[in-house]
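# Observations on the three-dimensional arrangement
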Amino acid sequence: MSRTSLKKELSNLTAPQLVEVILDAYESRPEIKEYFEYYLNPDVVKLTDKYMRVIVKEFNRSKRHYSKARVSVVNKTLKQYRSFAPGADNEVKFILAILDTMALAEMSVDFTETQWNLVTKLVHAALAIADSAGIIDQAVIPLSLLAADDSRLCTRYFVRAIDEAVSCYDSEKTISLKNK
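Residues numbered from 1 in each chain as written. Predicted model: local features only at pLDDT ≥ 70, side-chain atom pairs only at ≥ 80, totals over all residues. Heavy atoms only, no water.

## Some thoughts on the packing of aromatic side chains
We count it as follows: Whether two aromatic rings pair depends on their centres lying within 6.5 Å, for rings of Phe, Tyr and Trp, where Trp uses its six-membered ring; planes under 30 degrees apart make the pair stacked, over 60 edge-to-face, and the rest tilted. Secondary structure follows DSSP: runs of H or I at least 4 residues long count as helices, runs of E at least 2 residues long count as strands, and numbering of each begins at the N terminus. Here the term buried applies to any residue with accessible area under 20% of the maximum for its type, exposed to any over 50%, and partly exposed to those in between, with areas from a 1.4 Å probe on protein chains only.
One pass over the full model with this rule turns up 11 aromatic pairs. On the basis of an interplanar angle of 20° and a centroid distance of 6.1 Å, the ring pair of tyrosine 35 and tyrosine 39 is categorised as stacked. Here tyrosine 39 and tyrosine 35 lie together in helix 3 (residues 30-40), a separation of 4 residues that amounts to about one turn. Among the residues examined, tyrosine 35 registers a relative accessible area of 36% and is labelled partly exposed. Under the relative-accessibility criterion, tyrosine 39 is labelled exposed at 53%. A ring pair is formed by tyrosine 38 and phenylalanine 84, whose centres lie 5.3 Å apart and whose planes are at 75°; its orientation type is edge-to-face. With tyrosine 38 in helix 3 and phenylalanine 84 in the loop between helix 5 (71-83) and helix 6 (88-106), this pair connects stretches of sequence that are 46 residues apart. Judged by relative accessible area, tyrosine 38 falls into the buried class, the value being 11%. Among the aromatic residues, those joined into a cluster by ring pairs are Tyr35, Phe36, Tyr38, Tyr39, Tyr51, Tyr81, Phe84 and Phe94.

## A short note on the nonpolar core
As a reminder of what qualifies: Think of a nonpolar core as a cluster: buried Ala, Val, Leu, Ile, Met, Phe, Trp, Tyr and Cys residues, connected wherever their side-chain atoms sit within 4.5 Å. Note on contacts: a residue pair is in contact if any heavy atoms of the two residues lie within 4.5 Å.
Core analysis: the biggest nonpolar cluster contains 44 residues, and Phe59, Ile98, Leu99, Met102, Val119 and Phe158 have the highest contact counts within it. Mapped by element, the contributors of at least two residues to this core are helix 4 (44-59), helix 5, helix 6, helix 7 (113-133), helix 8 (137-146) and helix 9 (156-179). Leaving out residues up to four positions away in the same chain, isoleucine 98 has contacts with Met52, Ile55, Val74, Leu78 and Leu122.

What follows is the structure in structure tokens.
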């Protein structure tokens, strides 16, 4: 069912009928219950902790010195977190926390090509969200601290991946501004 057809059907219901539909959905679907609990009592710290536990658990998966973290799980977790609309600053912080977790994991295991591509995707996402919200410093400063030469928080390969992702984002931004 599309959004417009759902909107059309819901507009035909009375207020008590709408309340009943929402309560039925609340009782039968855990994701709807989770959404309404956050909607009624928004606790960003609790929400972030919940989804960071999933990320940390995922990056603790390894076998024979190779990371077994599934990029699909990380992407799904990020999408679920963003669906609560916690605000651009919290989204950027969450993405940076994922990158921190990846940096720590990469110190002890080897990443696959897909996982390295995730680093670039996450850096671009953090920069894009921060840039569109006008809080670019909240993304650039932590990224530069994470990728600092004297930083012991990650390997030089991870530093290079972050630097390349930032420079690639800057060049894409410059190119798109020139075309306007």
